[in-house]
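The primary structure of each chain is shown beneath.
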Amino acid sequence: MKIYLNNNSFYYEIEKLAKAFFPNTRFEEKHDCDEYEAPFICVTVGEDAKEVSVAVRTDDFEKTASKALKDGSDTELEAAILLYDILAECTGVSQPWGLLTGVRPIKLFRKLKEEMGEEAAKAHFMNVFRVSREKTELAAETERREAGVLKLTTPQSFSLYIAIPFCPSRCSYCSFVTASTARTKHLIEPYTQLLCRELEHTAQITDRLGLHLESVYMGGGTPTTLNADQMSRVLETVRRNFDMSGCREFTVEAGRPDTITEDKLISMKNAGVDRISINPQTLDDRVLEIIGRHHTANDVYESYRLARELGFDHINTDLIVGLPGDTVGGFKDTIEKIASLSPESVTVHTLAMKRASTLTQDGKQLDKREAEDAAKMIGLGNEILYKNGYKPYYLYRQSRMVGNLENTGWSKEGREGYYNVFIMDESQSIIACGAGAVTKLVLGEGKLERIFNYKYPYEYINGFDEVLKRREGIERLYD
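The residue numbers shown here count from 1 along each chain, following its written sequence. Given that this is a predicted model, residues contribute local features only at a pLDDT of at least 70 and side-chain atom pairs are listed and counted only at 80 or more, while totals for whole chains, interfaces and linings are drawn from all residues. Heavy atoms from the whole structure form the basis of all side-chain values; hydrogens and water molecules are not counted.

Observations regarding the side chain of Thr408
Part 1: The numbering of helices and of strands both runs from the N terminus, where a helix is a DSSP run of H or I of at least 4 residues and a strand a run of E of at least 2. Its location among the elements puts Thr408 in strand S15 (residues 407-411).
Part 2: A residue is classified by how much of its surface remains accessible, and Thr408, at 3% relative accessible area, is buried.
Part 3: A contact between two residues is defined here by any heavy atoms of the two lying within 4.5 Å. Setting aside chain neighbours within four positions, we find Thr408 in contact with Leu138, Val346, Thr347, Val348, Pro392, Tyr394 and Leu395. Here's how the labels work: a residue is buried when its accessible area is under 20% of the maximum for its type, exposed when over 50%, partly exposed in between, all with a 1.4 Å probe on protein chains only.

Remarks on the packing of aromatic side chains
Part 1: Pairing of aromatic side chains requires ring centres within 6.5 Å, counting the rings of Phe and Tyr and the six-membered ring of Trp. Pairs whose planes differ by under 30 degrees are stacked, by over 60 edge-to-face, and all others tilted. For the structure on display, the rule yields 18 aromatic pairs.
Part 2: Taking the centre distance of 4.9 Å and the plane angle of 90° together, the rings of Tyr386 and Trp410 count as edge-to-face. Within this pair, whereas Tyr386 is found in helix H13 (residues 368-387), its partner Trp410 is found in strand S15, the two being separated by 24 residues in sequence.
Part 3: Ring centres of Tyr393 and Tyr394 lie 5.1 Å apart, and the angle between their planes is 45°; this geometry places the pair in the tilted category.
Part 4: These aromatic residues form a ring-pair network of at least three members: Phe166, Tyr191, Tyr460 and Phe464.
Part 5: The ring of Phe312 is capped by Lys269, whose NZ or CZ atom sits 4.9 Å from the centre of that ring.
Part 6: Cation placement over rings: the criterion is NZ of Lys or CZ of Arg within 6 Å of the ring centroid and within 35° of the ring normal. Lying across the ring of Tyr454, Arg470 places its NZ or CZ 4.5 Å from the centre.

Here we look at the sheet that holds strand S3 (residues 40-45)
Part 1: Any two strands between which DSSP finds at least two bridges are classified as paired. Strand order in this open sheet of five strands is S2-S1-S3-S4-S5, and the pairing throughout is mixed. Strands at the two margins of the open sheet, each flanked by one partner only, are strand S2 (28-31) and strand S5 (62-68). Strand-to-strand twist in this sheet, taken as the mean axis angle between neighbours without regard to direction, amounts to 15°.
Part 2: With four bridges joining them, strand S1 (residues 2-6) and S2 adopt parallel strand pairing. Residue pairing in the sheet places Tyr4 in a bridge with Lys30 of S2.
Part 3: Across the face of the sheet, helix H1 (residues 11-21) comes into contact with S1, S2 and S3 while running at roughly 145° to S1.
Part 4: Against the sheet, helix H2 (residues 75-91) contacts S3, strand S4 (51-57) and S5, and its axis sits at roughly 30° relative to S4. The angle between two axes is taken between their N-to-C directions and runs from 0 to 180 degrees, where each axis is a line fitted to C-alpha atoms and a helix contributes only its stretch in contact.

Some points on the pairing of S5
Part 1: Pairing analysis gives seven bridges linking S4 to S5, with the strands arranged antiparallel. Bridge pairing in S5 places Arg57 opposite Glu62.
Part 2: Remark: four residues form the turn of the hairpin made by S4 and S5, two consecutive strands paired antiparallel.

Considering a negative patch on the surface
Part 1: A patch is a set of surface residues, each over 30% in relative accessible area and not in a salt bridge, joined within 9 Å for like charges and within 5 Å for the nonpolar side chains Val, Leu, Ile, Met, Phe, Trp and Tyr. Method for areas: the Shrake-Rupley scheme with a 1.4 Å probe, in which residue coverage is limited to the protein chains shown. For this document, the term salt bridge refers to a Lys or Arg side-chain nitrogen within 4 Å of an Asp or Glu carboxyl oxygen. Charged residues are defined here as Lys and Arg on the positive side and Asp and Glu on the negative side; His and the ends of the chain fall outside this count. Lys charges are placed at NZ, Arg charges at CZ, Asp charges at CG and Glu charges at CD. A cluster of acidic residues, Asp32, Asp34, Glu35, Glu47, Asp48 and Glu51, forms a negative patch at the surface.
Part 2: Inspection of the secondary structure assignment puts Asp32 in the loop between S2 and S3.
Part 3: Using a relative accessible area of 54% as the deciding quantity, one classes Asp32 as exposed.

Focus: helix H14 (residues 418-425)
Part 1: Along H14, seven of the eight residues are buried, which leaves the element largely enclosed by surrounding structure.
Part 2: Buried residues of H14: Tyr418, Tyr419, Asn420, Val421, Phe422, Met424 and Asp425, and no others.
Part 3: Of the residues one or two after H14, Glu426 is the one with positive phi, at around 55°.

Structural notes on the pattern of salt bridges
Part 1: Within the structure shown, the criterion is met by 41 salt bridges.
Part 2: Note that Glu89 is salt-bridged to Lys63, the shortest N-O span being 2.6 Å. A residue pair is termed long-range when its members are at least 10 positions apart, and Glu89 in helix H2 and Lys63 in strand S5 qualify at 26 residues.
Part 3: In this structure, a network of salt bridges that share partners links the residues Arg110, Lys113, Glu118, Glu143, Arg144, Glu146 and Asp425.

Focus: the nonpolar core
Part 1: Definition used in this section: a nonpolar core is a set of buried Ala, Val, Leu, Ile, Met, Phe, Trp, Tyr and Cys residues joined via side-chain atoms within 4.5 Å. If you look at the biggest cluster of nonpolar residues, it comprises 138 residues, and the most contacted ones within it are Leu160, Ile162 and Met268.
Part 2: The element contributing the most residues to this core is helix H6 (residues 181-209), with 10 residues.
Part 3: Residue contacts for Met268: discarding those within four places in its chain leaves Thr224, Met231, Leu235, Val252, Ala254, Val273, Ile276 and Phe312.

Observations regarding the environment of Pro165
Part 1: Mapped onto the secondary structure, Pro165 falls in the loop between strand S6 (157-164) and strand S7 (166-167).
Part 2: Given a relative accessible area of 2%, Pro165 falls into the buried group.
Part 3: Between the alpha carbons of Pro165 and Glu62 there is a distance of 49 Å; along the sequence they are 103 residues apart.

Side note on the state of the cysteines
Part 1: Criterion for a disulfide: a pair of cysteine sulfur atoms within 2.5 Å. In the structure shown here, the tally under the stated rule is zero disulfides.
Part 2: Take Cys196: it sits in no disulfide, and the sulfur closest to it among the cysteines is that of Cys433, at 10 Å.
Part 3: Since its relative accessible area comes to 9%, Cys196 is described here as buried.
Part 4: Overall, the relative accessible area of 0% leaves Cys433 in the buried class.

Points about unusual backbone geometry
Part 1: Of note, the amide linkage connecting Ala38 to Pro39 takes the cis form, showing an omega dihedral of -5°.
Part 2: Here Pro39 is to be found in the loop between S2 and S3.
Part 3: One non-glycine residue, Asn7, adopts positive backbone phi at about 65°.
Part 4: Within the element layout of this structure, Asn7 appears in the loop between S1 and H1.
Part 5: Backbone geometry at Glu426 places phi at a positive 55°, although glycine is not the residue there.
Part 6: Within the element layout of this structure, Glu426 appears in the loop between H14 and strand S16 (429-433).

Details of the pairing of strand S13 (residues 345-350)
Part 1: Most of S13 sits out of view: six of its six residues are buried.
Part 2: Neither face of S13 is left uncovered, since the one carrying Ser345, Thr347 and His349 and the one carrying Val346, Val348 and Thr350 both have all their residues buried.
Part 3: Summarising the sheet, strand S12 (residues 315-321) and S13 pair through six bridges and their orientation is parallel. Among the inter-strand pairings, Asp318 is bridged to a residue of S13, identified as Thr347.

What about the environment of Gly98?
Part 1: Tracing the sequence through the fold places Gly98 in the loop between H2 and helix H3 (105-116).
Part 2: In this structure, the C-alpha to C-alpha distance between Gly98 and Ser132, residues 34 residues apart in sequence, is 6.9 Å.
Part 3: If near-sequence neighbours (up to four positions away) are discounted, Gly98 is found in contact with Leu17, Tyr84, Phe129, Arg130 and Val131.

Okay, here's the thing in structure tokens:
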């Protein structure tokens, strides 16, 4: 489908909105053309910027709508509203998040709330952005929970992210920069040694800058692909080099149950880790096999039992809505079983069809029926979690999500995951170490600077001198 733009350059936002309605369609950008080839979307801004019009034509639908613009109008927003209304009529689909396409709707809601109050912000979400009442209420409640966490941080606070880019195998939906241990096992030990050196170097920098560590998150990949000795060395390097006295949360994303062992959990406990994730994604063994997870539901229960016996009192579990082969009934069964375990927090993700994933490369496309099922799964999940004492505390969205839905973190009262809130709100610096890690420095007045490490473990190992050199950019940017 072609997107014609006359007297404007709104392609990025118009394409993202169009993809919400036509997720499997390729779009082509055209500017200031005299003739249009169907199917097309055409956005035209008048020469005097007093009017914007949008036209849509497909094989069996055609409509044009226009709006007069007042001085100071957001022309791109007005074009998006016109386009949303036409595409909703064309497809018979109302997007749950309306015309919002960004990753951080809660951050937007907070900004509106600060400007006009909560009730007016909710009305703006529904009436201007076309967000459903259900998602608007979810946004409002999530923002209130986030706000309580954000009050705890200061401009001199930071969180530490530690990347372990290895997994025992690659799940079919995964697009993260990870390396399977079958091919890269020989890299894990040298990677561990260098990661400890980078952590030591980073601690020296944050100490000189007078920064205060507020949370630590060790993610991946699957951090528990490290053996117990490697895990201990990394975690003890953190404890030995950073001032942990003000650290509110120390998380290890233990991840896949087939990598969790007693000696690894003991090494975490001894190092002061107080929050871990055990991520089943589903408790249906048939679906686990389809997505390439080499464990069973029973492995999840066993890992959970072991973690509780060893004294972990904050366990998070991750689930995914819309997995291949899953059903509404199957997901309901999974989330009821998870709720019966009573973890302190649960994150419910919606499957995102990333281009680099095996699913997408094998030709899997987004399907309307699957989108409807995913919406039912999300609704059931929310209902069950509310009934079991969980409330939403952070939320974000991704491109190409089934049903154009969301990822939501739920927790019991007072058991929010601090790091998750900090990184989603972008109000606290995240200093990241390891391959694929991205440091994000919040430098005041909305200024955000990024420092990138090499993506892949072999690049990180071979270019480690450059990795340390880039660390110096942290001091330069703060200065």
